[in-house]
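Coordinate inspection notes
Read off the chains here:
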Amino acid sequence: MRKKILLSIILLIAVSLLALSGCAGNSTTTTTTTEATTTASETTTTEAPATGLTAGRYEWKDPQADLETFIRFNDDGTYYAFFFGGGVIEAGTYELLDESIEYYINGGADEDFETVEDNETATAEQTVVLYNYSGGEQKIAYTEDELRDFSLGGMSNHQTMDHKADFEYDPANEQPVIVRQYYFGGEAGSNLILYHDKSFLDYTGDIGEEGTWVMNGDGSFTLTSADNGDAEYTLVGTETGAAYTKNGETIDLSATAGDQAVMIFMVEGLEGTGLPMAVDMHIDCMADGTVAAYVYVAAVDTDLLVDSGTYTVEEVYKYTFNFETAGEIQGEPDFATATDSSLEVNVPYKADVVANFNGSETPLTIDAVLNGTVTVG
C-alpha cells in the first residue's frame, strides 16, 4: 500500500514539474548522473569544509514545487535522500573526492539544458559521488558548500542543494528504505529484509530475528543477530536471489515471492510513455501459459501491471502472445545471435495501456521491442 501511495505522489509531482518552465532543465531526463563531463585528475578522498558536510542537511534551492526535499550525509559514509515530500526516497553511500568536475550553470539562451551547445558551464574542484543501494551512481559538483547540477531522484535535473548546517537533524524521523529483500521458498511471509539504517529482520527460520548488517567490499553482507548471541550470518547475491548462510547451513533465497516466470523479456530505459522519467518494461511468461506485461518504476521499486493474456511456444523459440490490450504479437527470433545452446528473441510490443494503482488510472503509450534469451539446447 505504501508503494502505491508513493507512486501516486510521484505522478502528481510529474504533472507539476512538466507544467513548469524550461529554466529547470528538461525533467523528462532520467539519467542518475550529471550530463557534464568529469575532468581527469588525481583523485583522493578529502574531508568536508569547516562547516562540515555532515552537519545538518542540504535542501532544494529555489524549489520548483512546495515539497520538502533534502539530502543528509552521515559520518559513517552513508546518506539519506528525501525528495518531493517523500515521493522518492533513496539511501546509499557517498564519497567526497578531490576531483574536478564541469557542471552546468544554466541552459543557455534557449533555457534548455538538453541543447547542450549553449549551456553555460563552470568547474568545481570537488565532487560528491552517490552510490545508492539500488545500484545507481551519481556525480555531483560540490562548490561553495552547495551541491550543483544535481538530479533529484531522476525526476528534476540540474538542481542546486543549499547547505542548512544549523538544521537539527533527527534520523529517527527517517522513513525506512529497503536495501535488500529476499524470500525463502517463495513465501511472502518468510523473508529477510535489510533496511538503510543497517538493521535487518529475518523471518526465514522458525522464529524471527533482528540485528544489524554491514556491506563487504565484494558486495556481500555480514549480518549480526541480536537475538542469537551476536552470531554472524553471510548473505551473497546470486542470479535468482541470494545464498544465506547462518548457523552453519546455507539456504537459497529468491528475489521475488510467489510463482517464478519461466521466461522474461525485457527492455530498459523506455521513454515517451507519458511519464516524466524513463522506465523499464518486462513481459513475464509463466509455466501455466499465462503472460503479464509490467512497467517498472525504479524510483519506488514498483512494477505496474499494464497488460496480461496467454502465450504459446512452438519449436522452443517461436513465441506467440495474445494480450488483452495489445492483441496478438509474434516473437521474432534473432538467428544472428544463435549459439549451440541459446537464441535471442525480440518481442515488439505496441499499445496504449492503462496502469491502475491506488484507485487511479494512468494512461501510458508503449512502443518498444523487448528482448530475451531462449535456451535451445
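One can find the structure itself at the top, above this paragraph.
Let me sum up the structure you'll find in this document. Just so we're clear, the structure is a prediction, and the values are computed from it rather than from any experiment.

A closer look at a negative patch on the surface
Together, D110, E111, E117 and D118 give the surface a local cluster of negative charge. Tracing the backbone through its elements, the reader meets D118 in the loop between β5 (101-106) and β6 (120-124). D118 gets classed as partly exposed once you look at its relative accessible area, which sits at 31%.

Re the pairing of strand β15 (residues 221-225)
A large share of β15 lies buried, amounting to 4 of its 5 residues. For strand β14 (residues 209-215) and β15, the ladder comprises 5 bridges, and the chain directions are antiparallel. Looking at β15, one finds that W213 is bridged to L223. Linking two consecutive strands that pair antiparallel, namely β14 and β15, is a turn of 5 residues; a positive phi of about 90° is found at G219 within it. Across 4 bridges, the pairing between β15 and strand β16 (residues 232-237) is antiparallel. Bridged to F221 within β16 is L235.

Here's the deal with the sheet that holds strand β3 (residues 78-83)
Overall, antiparallel pairing links the 8 strands, which are arranged β1-β2-β3-β4-β7-β8-β9-β10 in a closed barrel. Strand-to-strand twist of the sheet, defined as the mean angle between neighbouring strand axes without regard to direction, takes the value 30°. With 2 bridges joining them, strand β1 (residues 57-60) and strand β2 (residues 70-73) adopt antiparallel strand pairing. Following the sheet pairing, E59 is matched in β2 by F70.

Things to note about the side chain of T273
Among the secondary structure elements, T273 is positioned in the loop between β19 (263-270) and β20 (279-285). A distance of 3.3 Å separates a polar atom in the side chain of T273 from the backbone nitrogen of L275.

Here's the deal with the nonpolar core
Within the largest apolar cluster, 56 residues are counted, with the highest numbers of intra-cluster contacts made by I71, F73, L147, F265, I283, F321 and Y349. Of the residues forming this core, the biggest block, 7 residues, is contributed by strand β26 (residues 342-357). Apart from the residues lying within four places of it in its own chain, the contact partners of F73 are L53, T54, Y58, T78, Y79, Y94, V128, L130 and L147. Ranked by size, the runner-up nonpolar core spans 23 residues in total, among them A91, L235, A242 and Y244.

Quick word on the sheet that holds strand β18 (residues 249-254)
The antiparallel closed barrel is built from 8 strands, whose spatial order is β11-β12-β13-β14-β15-β16-β17-β18. Mean inter-strand twist for the sheet, computed between neighbouring axes without regard to direction, equals 30°. Inspection of the sheet shows strand β11 (residues 178-184) paired to β18 by 2 bridges, in the antiparallel sense. The partner of F184 across the bridge, within β18, is L253.

Structural notes on the environment of S190
Topologically, S190 is positioned in the loop between β11 and β12 (191-195). For the pair S190 and G205, spaced 15 residues apart in sequence, the C-alpha to C-alpha distance is 7.7 Å. If we ignore the near neighbours within four places in the chain, the residues touching S190 are Y182, Y183, F184, Y203 and T204. Of the polar contacts made by the side chain of S190, one reaches the backbone oxygen of Y203; its length is 3.4 Å.

As for the side chain of N191
Within the secondary structure, N191 sits in strand β12. Filtering out sequence-adjacent residues up to four positions away, N191 remains in contact with Q181, Y182, Y183, L201, D202, Y203 and T204.

Details of the pattern of salt bridges
Any two side chains of opposite charge can pair if their charged atoms end up close together. In the structure shown here, the tally under the stated rule is 10 salt bridges. Ionic pairing is found between E99 and K139, a salt bridge with its closest N-O pair at 3.3 Å. In this pair, E99 sits in the loop between β4 (88-97) and β5 while K139 sits in strand β8 (residues 137-143), placing the two residues 40 residues apart along the sequence. According to the relative accessible area criterion, E99 is buried, its value standing at 8%. One salt bridge connects K246 with E209, and the closest N-O pair in it is separated by 3.8 Å. Remark: E209 occurs in strand β14 and K246 occurs in strand β17 (residues 241-246); sequence separation between them is 37 residues. Residue classification places E209 among the buried residues on the basis of a relative accessible area of 8%.

Observations concerning unusual backbone geometry
A positive phi is found at D149, a non-glycine position, where the angle reads about 60°. By the secondary structure assignment, D149 is in strand β9 (residues 146-152). Taking relative accessible area as the criterion, D149 reaches 4% and is therefore assigned buried. Positive phi is not limited to glycine here, since K198 has a value of about 75°.

Here we look at the packing of aromatic side chains
Evaluated as defined, the whole model comprises 20 aromatic pairs. Measuring from ring centre to ring centre gives 5.8 Å for Y58 and F73, while their planes differ by 80°; the resulting arrangement is edge-to-face. Placement of Y58 in strand β1 and of F73 in strand β2 is noted, with a sequence separation of 15 residues between them. Neither Y58 nor F73 differs from the other in exposure class; each is buried. Put simply, the rings of F265, Y311, Y319, F321, F323 and Y349 pair up and form one aromatic cluster. Between R57 and the ring centre of F70, over which it is positioned, the NZ or CZ distance is 4.3 Å. Here the basic side chain of K246 rests over the ring of Y233, its NZ or CZ set 5.8 Å away from the ring centre.

Reading the values: the criteria
- Residues numbered from 1 in each chain as written.
- Predicted model: local features only at pLDDT ≥ 70, side-chain atom pairs only at ≥ 80, totals over all residues.
- Heavy atoms only, no water.
- Patch = residues over 30% accessible without salt bridge, like charges linked within 9 Å, V, L, I, M, F, W, Y side chains within 5 Å.
- Areas by Shrake-Rupley, 256 points an atom, 1.4 Å probe, with all protein chains shown as cover.
- Salt bridge = Lys/Arg side-chain N within 4 Å of Asp/Glu carboxyl O.
- Lys, Arg positive; Asp, Glu negative; His and termini not counted.
- Charge placed at Lys NZ, Arg CZ, Asp CG, Glu CD.
- Helix = DSSP H or I, 4+ residues; strand = E, 2+ residues; numbered from the N terminus.
- Buried < 20%, exposed > 50% of the residue type's maximum accessible area, 1.4 Å probe, protein only.
- Pairing = 2+ DSSP bridges.
- Axes fitted to C-alpha atoms, helices over the stretch in contact; angles between N-to-C directions.
- Polar contact = N/O pair within 3.5 Å; in protein donor to acceptor, adjacent residues only side chain to side chain.
- Core = buried A, V, L, I, M, F, W, Y, C linked by side-chain atoms within 4.5 Å.
- Contact = heavy atoms within 4.5 Å.
- Phe/Tyr/Trp six-rings, centres within 6.5 Å; stacked < 30°, edge-to-face > 60°.
- Lys NZ or Arg CZ within 6 Å of the ring centre and 35° of its normal.

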